[in-house]
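Structural description and commentary
Each chain, letter by letter, is given below.
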Amino acid sequence: MSDAMPDTDRPNAARIYDYMLGGAHHFAVDRAAAAQMLERFPDAARAGHANRDFLRRAVEFCCARGIRQFLDLGSGIPTVGNVHEVARRHDPDVRVAYVDIEPVAIAYSREVIGDDPLVTVTRADLRRPQDVLAAPGVAGLLDRSAPVAVLAVASLHYVAPEDGLTAVVAAYRAALVPGSAFVMSHGSDDVDDEDAAAHIRELAEVMRHSATPAYVRTRAELLDALAPFELADPGLVDIRRWRAESDLPDAAVYGAVGLVR
């Protein structure tokens, strides 16, 4: 897939997320969409940081289990605490394949990574697992005969119902050997806090008119997608409660780590 110029006429999820995290790689249209989100859902920026914290804890968990290879789907625009930075605190030889569909994310990721031989950046569509897994930057870096952690953190929202979330996840699961892991976080309006549920639906409505429409799913739908895996404790819970304590309310984003036995 060839890189293309970014679409600056419509807001984009990667750039909005970058803005929420305090980054600098976004356009006026993204800032306007973010402002609309924050007006409806003031906790959205903090939820973005909570998601980043969940990613860090999940990567550390995988490293503690001996995993030294990561496939980061929808990796987004680089910011503090990238996967390879977190994982290399455990082992400097960790391999990380970043994958995103957004040209801005790819361009800045390659700038940050430079000529690191153990990290690749690939432009591909995570909804097409076979294309992702066959891409030179993925197939040429990751040894799939050894455990790999697939990271789908705040990225599976963009899998449309007609694409089949369960089928997409199952295709990645089929490529993993025992000892591997699948990390997921996903927004949901299936939560006890009705205000949070309403806000997450409003966020999805804002994104519906963007270049990257987002979809919310029920907890049951997420559990169905994760059915091929054994969930690490504490299972599928709000990201602020996954192996962490927080005084903040739930983020209306579920997180889990599925294990391949």
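Preceding block: the structure.
Keep in mind that this is a model prediction, so the values were computed, not measured.

Some points on empty space enclosed by the protein
Counting across every chain of the model gives two cavities of 30 Å³ or more. Of the pockets and cavities examined, the largest cavity occupies roughly 80 Å³. In terms of lining, the largest cavity is formed by Arg 52, Leu 55, Asp 72, Ser 75, Gly 76, Pro 78, Asn 82, Val 83, His 84, Tyr 98, Ser 109 and Ile 113. Those elements that provide at least two residues to the lining of the largest cavity are helix H3 (44–64), helix H4 (83–87) and helix H5 (103–113). Among the residues making up the lining of the largest cavity, the classes are represented as five nonpolar, five polar and two charged. The wall of the second largest cavity is formed by Leu 71, Leu 133, Val 138, Leu 142, Arg 144, Val 148, Val 150, Tyr 172, Ala 175 and Leu 176.

Topic: unusual backbone geometry
Cis geometry marks the peptide bond from Asp 233 to Pro 234, where omega comes out at 10°. The residue Pro 234 is located in the loop between strand E6 (230–231) and strand E7 (237–238) in this model. Positive phi outside glycine occurs at Arg 243, with the angle close to 50°. Its place among the elements puts Arg 243 in the loop between E7 and strand E8 (253–259). Of note, Ala 252 is a non-glycine position whose phi angle comes to about 60°, a positive value.

Side note on the nonpolar core
In terms of nonpolar packing, the biggest core is built from 46 residues, with Leu 71, Leu 156, Tyr 172 and Phe 182 touching the most fellow members. Ranked by residue count, the leading element in this core is helix H9 (residues 194–208), at six residues. When residues no more than four places from it in sequence are discounted, the contact partners of Phe 182 are Val 150, Ala 152, Leu 156, Val 169, Tyr 172, Leu 226, Phe 229, Ala 256, Val 257 and Gly 258. Counting 34 residues, the second largest nonpolar core, distinct from the first, contains Ala 50, Cys 62, Cys 63 and Ala 87.

Overview of the packing of aromatic side chains
Applying the stated criterion to the full structure yields three aromatic pairs. Ring centres of Phe 54 and Trp 242 lie 5.5 Å apart, and the angle between their planes is 85°; this geometry places the pair in the edge-to-face category. Highlighted residues: Phe 54 in helix H3 and Trp 242 in the loop between E7 and E8, separated in sequence by 188 residues. Here Phe 54 falls in the buried class, since its relative accessible area comes to 0%. Taking relative accessible area as the criterion, Trp 242 reaches 0% and is therefore assigned buried. Seen from their ring centres, Phe 182 and Phe 229 are 5.3 Å apart, and the 20° between their planes marks the pair as stacked. With Phe 182 in strand E5 (residues 181–187) and Phe 229 in the loop between helix H10 (219–225) and E6, the pair connects residues that are 47 residues apart, well separated along the chain. Taken together, Phe 54, Phe 61 and Trp 242 form an aromatic cluster joined through their ring pairs. Here the guanidinium or amino end of Arg 243 rests over the ring plane of Trp 242, the centre of that ring lying 5.4 Å away.

Observations concerning the side chain of Ser 180
Along the polypeptide, Ser 180 turns up in the loop between helix H8 (165–174) and E5. A polar contact is formed between the side chain of Ser 180 and the backbone nitrogen of Val 148, at a distance of 3.0 Å. A polar atom in the side chain of Ser 180 sits 2.8 Å from the backbone oxygen of Val 177. Beyond its immediate sequence surroundings of up to four residues, Ser 180 is in contact with Ile 67, Ala 146, Pro 147, Val 148, Gly 258, Leu 259 and Val 260.

Rules and cut-offs
- Residues numbered from 1 in each chain as written.
- Predicted model: local features only at pLDDT ≥ 70, side-chain atom pairs only at ≥ 80, totals over all residues.
- Heavy atoms only, no water.
- 1 Å grid on protein atoms, 1.4 Å probe; cavity = no way out; pocket = protein on both sides within 12 Å on 5 of 7 lines; lining within 4 Å.
- Points joined across faces, edges and corners; volume = space filled by probe spheres on them.
- Helix = DSSP H or I, 4+ residues; strand = E, 2+ residues; numbered from the N terminus.
- Nonpolar A, V, L, I, M, F, W, Y, C, P; charged D, E, K, R; others polar.
- Core = buried A, V, L, I, M, F, W, Y, C linked by side-chain atoms within 4.5 Å.
- Buried < 20%, exposed > 50% of the residue type's maximum accessible area, 1.4 Å probe, protein only.
- Contact = heavy atoms within 4.5 Å.
- Phe/Tyr/Trp six-rings, centres within 6.5 Å; stacked < 30°, edge-to-face > 60°.
- Lys NZ or Arg CZ within 6 Å of the ring centre and 35° of its normal.
- Polar contact = N/O pair within 3.5 Å; in protein donor to acceptor, adjacent residues only side chain to side chain.

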